[in-house]
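Architecture and fold: a report
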Amino acid sequence: MKSLLVPVDSGELIPAVLETARQFGRRFNSTIEGVALRPAFAEIIAPDPIVAMSIPPADWDESQFVRQARATFDAFAAQNPGDPTFRWRGGPTVEDGALGSLGRLYDVTIIARPGGKGSRMTAFEAALFDSGRPVLMAPPKAGATLGETVLIHWNCSTETARAISMGLDVLKAARRVHLVTVEGNTVAGPAARDALGHLAAHGISATEKVVAAGRGPGEAIMAEAKAIGADLILKGAYTQSRLRQMIFGGATNYILGKSDLPVLFVH
C-alpha cells in the first residue's frame with residue numbers, strides 16, 4: 001500500500017477524501033499522488049456512427065481548473081507535513097473513463113462516497129472495475145482512526161477472496177479483525193471457519209460472527225460495524241451484477257449510499 005491515487009475535483013467532500021488518504025497513508029508510509037478529475041459535461045450523441053462526445057462550456061478553462069485542484073491538494077499537504085508524502089502528479093485533467101486505467105499504476109485509489117456532494121458514480125465505477133486494484137471509499141466525514149478495527153464482509157464470493165488477498169497489508173496492520181457473515185447472504189464457497197484458517201496462515205487472528213439480515217444485508221453489515229466499533233470495512237463489491245443490485249437491492253449498493261465509514265472495495 002505504498003502508492004495512493006487521489007482524484008481531486010471541486011466537490012465539497014474533497015477535504016474528507018484527503019484526510020482519509022492521509023490516515024491510510026500514515027499506516028504504510030505511502031506516497032499520495034493527486035490528479036485533477038475533470039468535471040462532467042453535457043454529452044452530445046451522434047447517431048451514425050454512434051459516438052458520445054463530452055462538450056465543455058464555452059468558458060471552460062482546463063488550466064485554471066487544474067491550478068485550483070492542485071492548490072486544494074497542496075494546501076492540505078502543507079497543513080499536514082511529514083508522513084505520508086504528498087505529490088501532485090501533474091498533467092491535464094483525467095476523465096472518469098480514464099481514471100480506472102490510471103489507477104492500475106497505484107495500490108489504491110481513494111475517492112469520495114458516490115452521490116450527493118460526493119463523487120460521481122461513473123468515476124467510482126471506473127476506478128473499481130477498470131483498475132484491477134482496490135478502491136478506498138472515503139466517508140463524508142473522516143473519523144479519528146482508520147484501520148484499527150476492520151470488519152470483513154464474508155459472503156464466500158470470489159470478490160471477497162480478492163478483497164482479502166489485496167487487503168492483507170491492511171489486515172496485518174489492524175489491531176482487531178472481525179469476519180462477519182450475513183445469514184442467507186452467501187454464495188457457494190468456503191465457510192467462514194475456512195476463511196479464518198486462511199487469515200491465520202498469514203498471521204492474522206480474526207473472530208467470526210453470523211448476523212441476521214434484518215431489513216437487508218447492507219444494513220446488517222453497517223449495524224454490526226457500528227456495534228464493534230469498526231473504523232474500516234473490507235468488502236468484495238458487486239457479487240451480484242449491477243443490474244440485479246439496481247432491481248433487487250444489495251449490500252454493495254446500500255453501503256455505497258449509506259456508509260459513514262471508509263470502505264475498501266475490491267471487485
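Residues numbered from 1 in each chain as written. Predicted model: local features only at pLDDT ≥ 70, side-chain atom pairs only at ≥ 80, totals over all residues. Heavy atoms only, no water.

Thoughts on helix 5 (residues 158–166)
Turning to helix 5, its buried residues number three or more, namely Glu159, Thr160, Ala163 and Ile164. One face of helix 5 carries all of its buried residues, which in axial projection span an arc of 140°. Residues of helix 5 that are buried make contact with strand 8 (149–153), helix 6 (168–173), helix 7 (192–201), strand 11 (232–236) and strand 12 (263–266). (Buried < 20%, exposed > 50% of the residue type's maximum accessible area, 1.4 Å probe, protein only. Helix = DSSP H or I, 4+ residues; strand = E, 2+ residues; numbered from the N terminus. Arc of directions from axis to C-beta. Contact = heavy atoms within 4.5 Å.)

Section: the packing of aromatic side chains
Following the criterion strictly, the structure yields 7 aromatic pairs and no others. When the ring of Trp60 is compared with that of Phe65, the centres are 5.4 Å apart and the planes differ by 45°; the resulting orientation is tilted. Taking the relative accessible area as the measure of exposure, Phe65 reaches 9% and is therefore buried. Three or more aromatic residues joined by ring pairs form one cluster here, namely Phe73, Phe76, Phe86 and Trp88. (Phe/Tyr/Trp six-rings, centres within 6.5 Å; stacked < 30°, edge-to-face > 60°.)

Observations concerning unusual backbone geometry
The omega angle of the peptide bond from Asp83 to Pro84 is -5°, so this bond is cis rather than trans. One can find Pro84 in the loop between helix 2 (62–79) and strand 5 (85–88). Positive phi, normally seen in glycine, also occurs at Asn29, with a value near 50°. Within the element layout of this structure, Asn29 appears in the loop between helix 1 (14–28) and strand 2 (31–36). Non-glycine residue Cys156 carries a positive phi angle of around 75°. Summarising the element assignment, Cys156 is placed in the loop between strand 8 and helix 5.

Here's the deal with helix 2
For helix 2, with 18 residues, the first-to-last C-alpha span of 26 Å sits near the 26 Å given by 1.5 Å per residue. All of the buried residues in helix 2 are Phe65, Val66, Ala69, Phe73, Phe76 and Ala77. Taken end-on, helix 2 shows its buried residues confined to a sector of 110°, consistent with a single buried face. Turned more than 90 degrees away from the buried face of helix 2 sit Ala78 and Gln79, all of them exposed. (Expected span 1.5 Å × (residues − 1).)

Some details on the pairing of strand 9 (residues 176–182)
The two faces of the sheet receive side chains in turn, since in a regular strand these alternate between them. Burial of strand 9 is extensive: 6 of the 7 residues sit out of reach of the surface. Strand direction decides the pairing type here: strand 9 and strand 10 (residues 207–211), joined by 5 bridges, are parallel. Across the sheet, Leu179 pairs through a bridge with Glu208, a residue of strand 10. Crossover handedness for the path strand 9 to helix 7 to strand 10: right-handed. (Pairing = 2+ DSSP bridges. Right-handed = clockwise from strand over helix to strand, strands pointing away.)

Observations regarding the nonpolar core
Formed by 48 residues in total, the largest nonpolar core has its most connected members in Phe24 and Leu171. Sequence-distant contacts of Leu171, that is, excluding residues within four places in its chain, are made with Val150, Ile152, Ile164, Val177, Leu199, Ile204 and Leu234. Listed in part, the 33 residues of the second largest apolar core include Leu151, Val180, Met222 and Leu256. (Core = buried A, V, L, I, M, F, W, Y, C linked by side-chain atoms within 4.5 Å.)

So, the side chain of Arg22
Summarising the element assignment, Arg22 is placed in helix 1. A residue is classified by how much of its surface remains accessible, and Arg22, at 15% relative accessible area, is buried. Ignoring sequence-local partners within four residues, the contact set of Arg22 consists of Ile32, Phe76, Asn80, Pro84 and Phe86.

Regarding the sheet that holds strand 9
Strands sit in the order 5-2-1-6-7-12-11-8-9-10 across an open sheet of 10 strands; the sheet is mixed. Unpaired on one side and paired on the other, strand 5 and strand 10 mark the two borders of the sheet. Across the sheet, the mean angle separating the axes of adjacent strands is 25° when strand polarity is ignored. Packed on one face of the sheet, helix 1 meets strand 1 (3–8), strand 2, strand 5, strand 6 (108–112) and strand 7 (135–138) and runs near 175° to strand 1. (Axes fitted to C-alpha atoms, helices over the stretch in contact; angles between N-to-C directions.)

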